[in-house]
Amino acid sequence: MSTQTPQRLLVTGGAGFIGANFVHYWLARHRGGRLVVLDALTYAGNRASLAALEALPEFRFVHGDIRDTDRVERLLREEDIDTIVHFAAESHVDRSIAGPDAFIDTNVLGTHSLLKAARAAWLEDRAAPAHRFHHVSTDEVYGSLGPDDPPFRETTPYAPNSPYAASKAASDHLVRAYHHTYGLATTISNCSNNYGPYQFPEKLIPLCLINLLDGKPLPIYGDGQNVRDWLHVEDHCRGIELILEGGQPGRTYNIGGGAERTNLEVVHALCAIMDERRPAGAPHARRIEFVRDRPGHDRRYAIDETRLRRELGYAPSRTFEDGLQQTVDWYLAHEDWWRPILSGEYRDWVGRHYGTARTASP
Ligand code: NAD
Ligand code: DAU
């Protein structure tokens, strides 16, 4: 059984980057229902990203862990949730290389805990109500492409290379199994690299932007020729909305931005915008520094989103160039959001794992 009209949502990881953008996106377009955020507020979660929504009658924030199955089951019943949108995860590849355990705990065991709670609340002791469990996943489960390989399709075999990617692949398989075995109405989306407002400054774009503002080097791993397919977070949110409203239970959908760029191209584009916004006498690109490569660094990701376009009418609405300008302007206007992050746990972690030379450290 599935629902085509989500009314009462549980959004896990809604204080993180994409989750927070999704909550803003959804509540701007869907009023009168319910949206409960469940977030453990790890280093990556920031309740300030949701501050503007706290007063809305539809909105509730619950500080809690997806691994607490009983609590999640109670929450699903208490709030009469019909749709779970599951973002909560450990999401940073470099952290998964330095310490994989948290990725297994949250991404694999946490997703399984959530599936168990959903099954108990929706399928076990009452006539199955209309429901949907949407799992947000990544293109990294498909592995790495060569320069001339066709982009990832939903049928591309899984070949995860980092502990992060492997943990997401495992969670995808569990979601699939709960549909096949128990009849849970699941959907999965595998998307490419997101960028936009509220992104934690350990990821390439906000890290380099903030380093530029603070006069620090821009660390480029390896030769800078690794390619990612950049997706503006608002287009990602639109893709998820389409899947919630019309996606077929049991089905997977790829979401991409149609913007393959090398890391060096991305950082040069960022520097060019900063040359206009904050002229510094010399080009900002002079701060680029090539540093030790990420172990097992995937060379290229690219997404074929034909299924989502054909079946559900998806199309990205922004070019990468427009989206990057909007993102830069958001960070310039919201130093009060990102500056406090730099003085907390993030700085400690970077110091422990990388020292100060490799990446943004305040
Ligand atoms: P993020 O790291 O910014 O946020 C993760 C959120 O999950 C945080 O708010 C954190 O507090 C919360 N969380 C972590 N463990 C939790 C737990 N045990 N219980 C409850 N909450 C917990 O991540 P993001 O970049 O917003 O990514 C969201 C999802 O999208 C992830 O599943 C990620 O794998 C996937 N994804 C991200 C990208 C990207 O480019 N950022 C691309 C593809 C897929
Ligand atoms: O493809 C989707 C994935 O995109 C998501 O599943 C992950 O959650 C998300 O973190 C992102 O993973 P990446 O590893 O691609 O993102 P990141 O911003 O860490 O790195 C982007 C590219 O830039 C990658 O090739 C590594 C490189 N890089 C990154 C950092 C942080 C650098 O060259 N220097 C850096 O300092």
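For clarity, every value in this text was computed on a predicted model and none was experimentally measured.

Rules used throughout
Residues numbered from 1 in each chain as written. Chains lettered and ligands numbered in written order. Predicted model: local features only at pLDDT ≥ 70, side-chain atom pairs only at ≥ 80, totals over all residues. Heavy atoms only, no water. Near = heavy atom within 4 Å. Polar contact = N/O pair within 3.5 Å; in protein donor to acceptor, adjacent residues only side chain to side chain. Areas by Shrake-Rupley, 256 points an atom, 1.4 Å probe, with all protein chains shown as cover. Helix = DSSP H or I, 4+ residues; strand = E, 2+ residues; numbered from the N terminus. Nonpolar A, V, L, I, M, F, W, Y, C, P; charged D, E, K, R; others polar. 1 Å grid on protein atoms, 1.4 Å probe; cavity = no way out; pocket = protein on both sides within 12 Å on 5 of 7 lines; lining within 4 Å. Points joined across faces, edges and corners; volume = space filled by probe spheres on them.

J.: Where do I start with the site of ligand 1 in this structure?
T.: What surrounds ligand 1 is a group of 29 residues, the closest being Ile18, Asp39, Ser91, Tyr164 and Lys168. The backbone of Phe87 places a nitrogen or oxygen atom 2.9 Å from an oxygen atom of ligand 1. Protein contact buries 97% of the 830 Å² of open area that ligand 1 shows by itself. Where the shell around ligand 1 is concerned, the elements lending two or more residues are helix H1 (17-29), strand S5 (132-138) and helix H5 (163-182). Take the shell around ligand 1: its biggest share by element is three residues, from S5. Residues of the shell around ligand 1, tallied by class, amount to 13 nonpolar, twelve polar and four charged.

J.: It is not clear to me how the layout of surface pockets should be interpreted in this structure. Could you clarify?
T.: A water-sized probe rolled over the atoms picks out the places where empty space is left. Approximately 320 Å³ is the volume attributed to the second largest pocket. What lines the second largest pocket is a set of 15 residues, among which Tyr158, Arg176, Ile188, Gly250 and Thr252 lie closest to the centre. Listing elements by their share of the lining of the second largest pocket, those giving two or more residues are H5, strand S6 (186-191) and strand S11 (251-255). Element by element, the count of residues in the lining of the second largest pocket is highest for H5, at five residues. Taken together, the residues of the lining of the second largest pocket sort by class into three nonpolar, seven polar and five charged.

J.: Please clarify how the environment of Ile255 should be interpreted in this entry.
T.: The topology assignment puts Ile255 in strand S11. Along the primary structure Ile255 and Leu231 are separated by 24 residues, whereas in three dimensions their C-alpha atoms are 8.2 Å apart.

J.: Got a minute to help me understand unusual backbone geometry in this structure?
T.: Trans is the prevailing form of peptide bonds, just as negative phi is the prevailing case for residues other than glycine. Even without glycine at this site, Leu41 takes up a positive phi of about 50 degrees. As for its placement among the helices and strands, Leu41 is situated in the loop between strand S2 (34-39) and strand S3 (59-63). A positive phi angle is found at Asp80, which is not glycine, with a value near 50 degrees. Structurally, Asp80 can be placed in the loop between helix H2 (69-78) and strand S4 (83-86).

J.: I would appreciate a short explanation of the site of ligand 2 in the present structure.
T.: Around ligand 2, the surrounding shell holds 21 residues, and the nearest of these are Thr138, Asp139, Tyr164, Arg294 and His297. One of the backbone N or O atoms of Ser91 is found 2.7 Å from an oxygen atom in ligand 2. Residue Leu204 places a main-chain N or O atom 2.8 Å away from an oxygen atom belonging to ligand 2. Within the complex, 95% of the 680 Å² of free accessible area of ligand 2 lies under protein. Ranked by residues supplied to the shell around ligand 2, first place goes to strand S8 (residues 218-221) with three residues. Considering only residue class, the shell around ligand 2 consists of seven nonpolar, eight polar and six charged.

Any link to function would need more than the numbers given here.
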